[in-house]
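Remarks on the overall topology
Chain by chain, the residues:
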Amino acid sequence: MDIIEIIERIGEGPTAALFGLITGLIFGVAAQRSNFCLRAAAIEFARGKLGGKVAVWFLTFSTALIWVQSAQLLGLFRAGDSRVMSVPGSWSGAIIGGLIFGVGMVLSRGCSGRLLVLAATGNLRSVVAGLIFAVTAQMSLKGILAPYRDTLASLWITQGGENVNLLTALHLPDWTGLAVGIVFALAGVYLAARNQIGIKVWIFASGVGFAVAVGWVLTFMLSQVAFDPVPVNSVTFSGPSANTLMFFLDRNAVLEFDVGLVPGVVIGAFLSSLVAGQFAWQAFDSVPVMRRSMIGAVMMGFGAMLAGGCAIGNGVTGTSVLAGTAWLALFCMWIGAMVTDVLLDQRSLTPAQAC
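So, here's what we can say about the structure. Every value quoted in this text rests on a predicted model; they were computed, and no experiment measured them. The written sequence of each chain sets the order in which its residues are numbered from 1. Under the rules for a predicted model, residues below a pLDDT of 70 receive no local features and side-chain atom pairs below 80 are neither given nor counted, while totals for whole chains, interfaces and linings still include all residues. Side-chain metrics rest on all non-hydrogen atoms present in the structure, leaving aside hydrogens and water.

Another point: the pattern of salt bridges. Any two side chains of opposite charge can pair, given that their charged atoms come close. The working definition used for a salt bridge is a side-chain nitrogen of Lys or Arg within 4 Å of a carboxyl oxygen of Asp or Glu. Enumeration over the complete set of coordinates arrives at five salt bridges. Its salt-bridge partner being R47, residue D341 comes within 2.7 Å of it at the nearest N-O pair. Pair noted here: D341 is in helix α17 (residues 324-345) and R47 is in the loop between α3 (38-46) and α4 (52-73), with a separation of 294 residues, a long-range link. We call a residue buried when its accessible area falls under 20% of the maximum for its residue type, exposed when it is over 50%, and partly exposed in between, using a 1.4 Å probe and counting protein chains only. D341 sits in the buried class, given a relative accessible area of 0%. The partly exposed category is assigned to R47, whose relative accessible area is 25%. Comment: elements are numbered from the N terminus, with helices defined as DSSP H or I runs of at least four residues and strands as E runs of at least two.

Moving on to the nonpolar core. Here, the term nonpolar core denotes a set of buried Ala, Val, Leu, Ile, Met, Phe, Trp, Tyr and Cys residues that are joined through side-chain atoms within 4.5 Å. Counting 77 residues, the largest nonpolar core has F27, W57, F77, F101 and F237 as the members making the most contacts within it. By definition, residues are in contact when any of their heavy atoms lie within 4.5 Å. Apart from the residues lying within four places of it in its own chain, the contact partners of W57 are F36, L38, A41, G315, L330 and W334.

Here, axes are lines fitted to C-alpha atoms. For helices the fit covers the stretch in contact, and angles between N-to-C directions go from 0 to 180 degrees. The interhelical angle for the contact between helix α9 (residues 146-153) and helix α15 (residues 287-307), taken along N-to-C directions, is 45°, at an axis separation of 9 Å. One finds that α9 runs oblique with respect to α15. For the pair α9 and α15, the sense of crossing is right-handed. In this structure, α9 contributes Y148, R149, L152 and A153 to the contact, and α15 contributes F302, M305 and L306. Note on residue classes: Ala, Val, Leu, Ile, Met, Phe, Trp, Tyr, Cys and Pro are nonpolar, Asp, Glu, Lys and Arg are charged, and everything else, Gly too, is polar. For the contact of α9 with α15, the class distribution of residues is six nonpolar, no polar and one charged. Note on terminology: angles under 35 degrees are roughly parallel, angles over 145 are roughly antiparallel, angles of 65 to 115 are roughly perpendicular, and the others are oblique. In this scheme, a crossing is called left-handed if the near helix is turned counterclockwise away from the far one by less than a right angle; it is called right-handed if the turn is clockwise.

With respect to the secondary-structure elements, D258 resides in helix α14 (residues 257-275). Charged residues are defined narrowly, with Lys and Arg counted positive, Asp and Glu counted negative, and His plus the chain ends left uncounted. In this structure D258 is buried but unpaired, with R83 as the nearest side chain of opposite charge at 4.2 Å. Those residues in contact with D258 that lie beyond four places of it in its chain are R83, N233, G239, P240, N243 and T244.

The subject of this paragraph is the environment of M246. With respect to the helices and strands, M246 occurs in helix α13 (residues 239-249). M246 sits 126 residues away from A120 along the chain, and the two C-alpha atoms are 20 Å apart. Each residue touching M246, except ones within four places of it in the same chain, is listed here: Q138 and A253.

For the rest of this paragraph, the subject is helix α1 (residues 3-10). I3, I6 and I7 are the residues of α1 that are buried. Viewed along the axis of α1, the buried residues span an arc of 100°, placing them on a single side of the element. Exposed residues pointing more than 90 degrees away from the buried face of α1 are listed as E8 and R9. Polar contact criterion, stated in full: a pair of N or O atoms within 3.5 Å, where within protein one must be able to donate a hydrogen and the other to accept it, and residues adjacent in sequence count only if both atoms are side-chain atoms. Of the residues that open α1, the one with a side-chain oxygen 3.3 Å from the backbone nitrogen of I4 is D2. Count one or two residues on from α1 and you reach G11, which has phi positive near 100°. Within this analysis, the arc is defined by the directions that extend from the helix axis to the C-beta atoms.

Spatial relationships are all this shows, so hold off on functional conclusions.
In structure tokens:
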């Protein structure tokens, strides 16, 4: 059955939601089993280690680059049609929002994508933080925080009415993105081998990056045959979290890719944790931990919307199409997370814990 047949049977909106569900299922299973997390990798790096968490992040990041750039070279996808590339990007938003998000994900003990995965495995701390993140993201998109986001984002925007394609801006050949992905993959394989990471973790870490490519290709294919305009996008959790929340609150909301993505991640992570025997109810350790997590969730919600995406939306999905602001936002997220860890968490560690 091809896409046109699916559309004729269920409609364009439900087809987009179905594609989101498929993408989310892949991501949820892979992220749960690999423990993929930018926050964990950034903290490990800040403490002078190149361990398993950094290795997993490298494997995911490189896999997304390789799959997406390969799909583009094969004509299965056009990065120029993606939503992140077809609208102006904000350099100031990437810097300020990226730093705020980096601080927030350390305070919350997980980025927005990681919180969603953990929530599906019974972590009530992540449920609370994730809901706060979604509400704040919606407030930053269309609510009381939107004017502040707009003001900061408008300080420095990309020219020409679209984002910056790094290949075009740097006058690089089309295969450069694939080559960069291979370099990161080799680094990830080396770190994984050095840290004796099992082959299953290798596969699932790569599966997170593969989910990003699946989302890009499916939405691109749908956009080519749909009667109404369909945004070409993939895995991210700032806009989708807000959109999914509003879908269940607004009776006039419509089905779209985002609305299928979030439930797909939850279902995938939940089933994966059950199969692996890792589902367990968990709560906040203390009131200070709860307060810190809630503050971090607010910062992530606003920071993600200002930066144009979260640690997944910018750090894996946006960078995979070589969007300039996504790479800058990712860098600033790393900086924000590492500085926060150094200033807040490392000072409370014993010498043994710091090693």
